[in-house]
Amino acid sequence: MNRNAKISLASFLLSLSIFVQAQHDYRDGYVITNGNDTIHGLIDFKDYRRNSQICQFRKSPDDSPTFFTPKDIIAYRINDDRYYVSKTITPGVDQKDLFLEYLIKGQANIYYYRDHLGDHYLIDKPGNPLKEVVYKEEEIVIDHVNRLKESTRHIGLLKAYLSDCPEVFQRIESLKKPDHDNMIALAKDYHQKICNNDSCIIYAQKKPPVRIVAEPIVGFIKYKYSEQFYLGTGALLHVWLPRSSERLYFTTGYMYSKAVIDKHYNEEGLLEGKEISIHKIPLHFEYIFPGQVFKPRFSYGINLFKPSDEDGLGFYETCGAGFLIKTTDEVYLSARFDTEWIPILPSLVVASRIEGVSYSLSLGIFFRF
């Protein structure tokens, strides 16, 4: 790859990173001021880490945004979704102010936030201060064998905070690693036993750990050394982890097309060649940008391929861009443009040229399950 190409690629990746960070996803919600006033408007929905640090708010779509820190407001909520409250925590020696996601509210309250170290769950109740439900895993060596040691500090803390209800101790003892599901289930069980009614409010929305999106596609593909477009069909599966990222997907599936190789003119002066089938398995990471109706998308990864006239598998690097258009909450029309090229790293190793292989345009239907 020549110097200009390297600079262009680096500039493109930097621009893409800035573009991703600059995207906004305003949703209906409200903030509660330090004066206990409720102001309705729009809140920029970001990832877990960003949401715990800042609330970007505007009263109407035409207003300039206001940035609230945990010291500026009591709480904020995105309607029918996450509810954040301002709290001061002490993760180490120093204190810091954060917006904690309110998972469940009642006689005992459960909170959550995420930072560069991972997931954190906290608990408080009247008469007991806010404490993190600490869980750690570490690798230890026993008899020259590496083993995973799981901490049990969280079990003692939960028993102490929920000591007025020994009936939940068995559930606490069986709680291995704290997560949304088991912490909410524990708190809900606790409230039902001590109050004998639904005295707790569950703010956390029930989200599956994994969701699958199917996307049948059809389009046209042109290979570098061909003079025509070929019909391509396929089905993509997008694996989505809603609790990890609202917008990042892992994409795989199957794609099929034909091509004509070894073209030559026969004795009669007619162009002929050998028709082959090309089978592909994509392995991509895809980012879908926010939008109410129109959602841009970008993907990068590799395509494993197998021509019908060869035995082994090969692979090309690929990237694509396109968009989704919303028809219902779970169904979108899709369009995408993709290109493939000879992998960069092997080309650098053998000092060969990085060449484009194909480009394609496809349409499809994007189904969320």
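Residues numbered from 1 in each chain as written. Predicted model: local features only at pLDDT ≥ 70, side-chain atom pairs only at ≥ 80, totals over all residues. Heavy atoms only, no water.

1. Things to note about the overall build of the protein
Then, number 1: Summing up its helical and strand segments, the protein has 6 helices and 21 strands in all.
Then, number 2: Here the protein, with 369 residues, has 42% of them falling under the buried criterion.
Then, number 3: Taking contacts inside the protein between residues at least 6 apart in sequence as the whole, the part at least 24 apart equals 49%.
Then, number 4: Surface summary for the protein: the accessible area is close to 20,900 Å², and the carbon and sulfur share equals 56%. (Helix = DSSP H or I, 4+ residues; strand = E, 2+ residues; numbered from the N terminus. Buried < 20%, exposed > 50% of the residue type's maximum accessible area, 1.4 Å probe, protein only. Contact = heavy atoms within 4.5 Å. Areas by Shrake-Rupley, 256 points an atom, 1.4 Å probe, with all protein chains shown as cover.)

2. Overview of the environment of F289
Then, number 1: Along the chain, F289 turns up in the loop between β17 (271-288) and β18 (294-307).
Then, number 2: Using a relative accessible area of 4% as the deciding quantity, one classes F289 as buried.
Then, number 3: Along the backbone, F289 and F323 are 34 residues apart, and their C-alpha atoms lie at a distance of 8.9 Å.

3. Notes on the environment of I140
Then, number 1: Residue placement: I140 occurs in strand β11 (residues 137-142).
Then, number 2: Note on I140: relative accessible area 27%, which makes it partly exposed.
Then, number 3: The contacts of I140, once residues within four sequence positions are left out, are V145, N146, R147 and K149.

4. A few points about the pattern of salt bridges
Then, number 1: Scanning the entire structure with this criterion turns up 21 salt bridges.
Then, number 2: In this structure, the salt-bridge partner of D25 is R27, at a minimum N-O distance of 2.8 Å.
Then, number 3: Assessed through its relative accessible area of 25%, R27 is described here as partly exposed.
Then, number 4: Each member of the salt-bridge network shares a partner with another, and the members are D25, R27, D81, R82, E246 and R247. (Salt bridge = Lys/Arg side-chain N within 4 Å of Asp/Glu carboxyl O.)

5. A few points about the packing of aromatic side chains
Then, number 1: Tallied over the full model, the rule gives 20 aromatic pairs.
Then, number 2: Measuring from ring centre to ring centre gives 4.9 Å for Y287 and F289, while their planes differ by 65°; the resulting arrangement is edge-to-face.
Then, number 3: Classification of Y287 as buried rests on a relative accessible area of 18%.
Then, number 4: Ring geometry for F305 and Y316: centres 4.4 Å apart, planes at 10°, overall stacked. With a gap of 11 residues between them, F305 in strand β18 and Y316 in strand β19 (residues 314-326) connect regions that are remote in the sequence.
Then, number 5: By way of ring pairs, the aromatic residues Y83, Y102, Y111 and Y203 are connected into one cluster.
Then, number 6: Directly above the ring of Y48 sits R82, whose terminal nitrogen or CZ lies 3.8 Å from the centroid.
Then, number 7: The ring of W240 carries the charged tip of R368 above its face, separated from the ring centre by 4.9 Å. (Phe/Tyr/Trp six-rings, centres within 6.5 Å; stacked < 30°, edge-to-face > 60°. Lys NZ or Arg CZ within 6 Å of the ring centre and 35° of its normal.)

6. A few points about the side chain of D189
Then, number 1: Residue position: D189 is located in helix α5 (residues 180-195).
Then, number 2: Setting aside anything within four residues of it in sequence, one finds D189 in contact with V168 and R171.

7. Overview of unusual backbone geometry
Then, number 1: A positive phi angle, close to 70°, is found at N36, a residue other than glycine.
Then, number 2: Tracing the chain through its elements places N36 in the loop between β1 (26-33) and β2 (38-44).
Then, number 3: One non-glycine residue, D80, lies in the positive phi region at around 55°.
Then, number 4: Checked against the element boundaries, D80 lands in the loop between β5 (73-78) and β6 (83-89).

8. Re the pairing of β19
Along any regular strand the residues' side chains alternate between the sheet's two faces.
Then, number 1: Sheet topology note: the β18/β19 ladder contains 12 bridges and is antiparallel. Bridging from a neighbouring strand, F305 pairs with G314 of β19.
Then, number 2: Connecting β18 to the antiparallel partner β19 that follows it, the hairpin turn spans 6 residues.
Then, number 3: Two elements, β19 and strand β20 (residues 331-341), share 10 bridges in a ladder whose sense is antiparallel. The residue bridging L324 from the neighbouring strand is S334, located in β20.
Then, number 4: Hairpin geometry of β19 and β20 is characterised by an intervening segment of 4 residues between the two adjacent antiparallel strands. (Pairing = 2+ DSSP bridges.)

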